[in-house]
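Observations on the model geometry
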Amino acid sequence: MAFGLVCLQDTRPTRKTKRYSDENPFMRLDVMHTQSFRLAPLMLVVALGLAIPTVHPAEKSQPKAPKPENSREKNLASQQDAAGRKYQQFEKILLQMAEALRSADPDRAAVLLKAISQSKEDLIELQFDQLIELLGQGKLSSALKGQNYLRDDLTSILQLLLSSERDKQLKEKIEKLKAQLRELNRIIADQKRLRGETEFGFGNKGDLSLRQRKLERRSHRLSRDIGEEDKKGSDNKDKSDGGQQGKQGKQGGQQGQQGQQGGQQDKQPGQKEVDEASEDMKSARKDIDEKKRDDATKDQAEAISKLEQARRELEEILKQLREEERDVLLADIETRLRKMLSIQKIINQGTIRLDKIETAKRTRSDELRSVELSRKEKELVKQANAALAVLKEEGSAVAFPEALTEVREDMKTVTNLLARADTGEFTQSVEKDIVTTLEEMVEALQKEQQNKSKPSKSSPNCTPQAPPLIEMLAELKMIRSLQLRVNRRTKKIDKLIKPLKTLKPAHKKAIEDLSKREGRIVDVTEILATGRNR
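Just so you know, these numbers come straight off a predicted model, no measurement behind them. (Residues numbered from 1 in each chain as written. Predicted model: local features only at pLDDT ≥ 70, side-chain atom pairs only at ≥ 80, totals over all residues. Heavy atoms only, no water.)

Moving on to the nonpolar core. Generally speaking, a soluble globular protein has its nonpolar side chains buried in company with each other. Judged by nonpolar contacts, the single largest core of 52 residues is most densely connected at Leu337, Phe400, Leu404 and Met411. Elements that contribute at least two residues to this core include exactly helix H12 (293-355), helix H13 (364-394), helix H14 (399-419), helix H15 (425-450), helix H16 (472-497) and helix H17 (505-530). Sequence-distant contacts of Met411, defined by excluding residues within four places in its chain, comprise Met340, Gln344, Glu377, Leu380, Val381, Ala384, Ile434 and Leu438. Counting 23 residues, the second-largest nonpolar core is a separate cluster that includes Leu181, Ile187, Ile188 and Ala277. (Core = buried A, V, L, I, M, F, W, Y, C linked by side-chain atoms within 4.5 Å. Buried < 20%, exposed > 50% of the residue type's maximum accessible area, 1.4 Å probe, protein only. Helix = DSSP H or I, 4+ residues; strand = E, 2+ residues; numbered from the N terminus. Contact = heavy atoms within 4.5 Å.)

See below:
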């Protein structure tokens, strides 16, 4: 029997439905390797260790002569059991690595612990056990669906590990580039000041020459700092190709010069211009020493021009990195919301099924089902908190965090209602609002990812600002949706309480929540109008 991760043709939801990529990320080890993620060894463990026994749909549609003692089913169950044991070992490795990295690298340790926590929340081990049982009983159709759910959950854990590490790398690159731009701006400003003093004859020759030498050294240090990223990725190439070119250069001849030209071509964007500016500074210093003020001024102007070109190149790289960071963040939030949406729909269906049973005819089993739905809704509250933390940490979005806050509060309301086995009209209306809001947010995030980022304006002497996570138009549309939702909820509550002589505690709390939501909508609109979020 072949091993692999299953791609199902029958995707009708039974237990839960989640979106997953048609392209299997577990099989793309070459991509992981080229991206050089620090957690690649962990991904290798997942890719090689988590083999789910493949059951092809053709095997169930074309009956064959049964083998004695159901050997095929036993073989599948045995393979599934082996995969489950490998996953248990994988979790142990994650935990051991998290403990080992707790002091040295707490951020990475937190990512590993988060992956373990998500595994527990998704009941991965229980899913393996259920699959083993289904395969042993020969229920291949149910096993296919179960394997699809399991594959989806494993993919989610993989994406968590990869995206968290990629986020960290992007932030480090952006911070480093911002520091380089700050130093470059200071060098340009100091060089312009020195050029003015040189041109008009201010200061003595020794002081001007000394200051020019310091600027030259600072430019050299900046060039080395810019080139460090290139050295990290091409150490081996430099040792082989560069070493051979160096030997040929020592022997003299055209090949050595070609090697030097090749080395210049391998420089990072902006590094070549900074190096050339350093040479112009060196020439200017010699001219100052020789009292050639006009020549020194021209060399200093050339240096300034090349430094400004380097700044434009670094700013372009920073812009691209920030757009990439924005895309990664949008995709991460969308994935979180889609997962919440799929689970919420399942909870809604369970609520409707329970509500069809009259309260007086409900059994203990029905009550436990309601409690289980409440527990699932409580887990969604945790997921909403995690997504909300990501949005608030980013800082530029305003309406979207408020929308997600309302979703979270509605989830808390549903949790309490289902815990009391209240599956009535009000509970279902709140659940529908949750689904509607999540769908609107997912659709808006998809549009944001499809739209090309507008070029950010930057002044010549400061680092360009990061683009907002959500564009103004999308934020305004979300505010409108928030207001419409308050309006609908007000009408719904009014309809429910009119026949009642006294208000239920749930209705009183709902009215208080609406009042608070209206106040928050006013605050969000004001923040957006004044631009305090930018």
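Here we take up unusual backbone geometry. Here Lys291, not a glycine, exhibits a phi torsion of approximately 60°, which is positive. Positionally, Lys291 belongs in the loop between helix H11 (271-289) and H12. One non-glycine residue, Ala421, adopts positive backbone phi at about 60°. Within the secondary structure layout, Ala421 lies in the loop between H14 and H15. The class of Ala421 is partly exposed, set by a relative accessible area of 25%.

Within the element layout of this structure, Leu307 appears in helix H12. Considering only alpha carbons, one finds Leu307 and Ile187, 120 residues apart in sequence, at a separation of 8.4 Å. Setting aside chain neighbours within four positions, we find Leu307 in contact with Leu184, Ile187, Ile188, Val274, Ala277 and Met281.

A word on a positive patch on the surface. A cluster of basic residues, Arg213, Lys214, Arg217, Arg221 and Arg224, forms a positive patch at the surface. Using a relative accessible area of 45% as the deciding quantity, one classes Arg221 as partly exposed. (Patch = residues over 30% accessible without salt bridge, like charges linked within 9 Å, V, L, I, M, F, W, Y side chains within 5 Å. Areas by Shrake-Rupley, 256 points an atom, 1.4 Å probe, with all protein chains shown as cover. Salt bridge = Lys/Arg side-chain N within 4 Å of Asp/Glu carboxyl O. Lys, Arg positive; Asp, Glu negative; His and termini not counted. Charge placed at Lys NZ, Arg CZ, Asp CG, Glu CD.)

Our next topic: the packing of H12 against H15. When two helices pack together, their arrangement is captured by the angle between the axes and the distance separating the axes. One can describe the packing of H12 onto H15 by two numbers: an axis separation of 9 Å at closest approach and a directional angle of 155°. Here H15 runs roughly antiparallel to H12, going by the angle between their axes. In terms of crossing hand, the pair formed by H12 and H15 is left-handed. Residue composition of the contact of H12 with H15, by class: 14 nonpolar, 7 polar and 10 charged. (Axes fitted to C-alpha atoms, helices over the stretch in contact; angles between N-to-C directions. Parallel < 35°, antiparallel > 145°, perpendicular 65-115°, else oblique. Left-handed = near helix turned anticlockwise from the far one by under 90°. Nonpolar A, V, L, I, M, F, W, Y, C, P; charged D, E, K, R; others polar.)

Before going further, it helps to examine the packing of aromatic side chains. Inspection of every chain in the model, using the stated rule, returns 3 aromatic pairs. Plain terms: the ring middles of Tyr87 and Phe90 are 5.8 Å apart, the flat faces sit at 50° to each other, and that makes the pair tilted. Linking Tyr87 with Phe90, this pair stays in helix H4 (residues 71-101), spanning 3 residues, or about one helical turn. Residue Tyr87 shares its accessibility class with Phe90, and that shared class is buried. Plain terms: the ring middles of Tyr87 and Phe128 are 5.8 Å apart, the flat faces sit at 35° to each other, and that makes the pair tilted. Here Tyr87, found in helix H4, pairs with Phe128, found in helix H6 (residues 124-136); they are 41 residues apart in sequence, far enough to count as distant. Residue class for Tyr87 comes out buried when judged on its relative accessible area of 2%. Within the aromatic cluster, the residues linked to one another by ring pairs are Tyr87, Phe90 and Phe128. (Phe/Tyr/Trp six-rings, centres within 6.5 Å; stacked < 30°, edge-to-face > 60°.)

Before going further, it helps to spend a moment on the pattern of salt bridges. Using the criterion set out here, one finds 39 salt bridges in the structure. Residues Glu183 and Arg186 are paired through a salt bridge, measuring 3.1 Å at the closest nitrogen-oxygen approach. Placement of both Glu183 and Arg186 in helix H7 (residues 140-199) is noted, with a separation of 3 residues, approximately one turn of the helix. By relative accessible area, which is 45% here, Arg186 ends up partly exposed. Arg485 is the partner of Glu440 in a salt bridge, and the nearest nitrogen-oxygen pair spans 2.6 Å.

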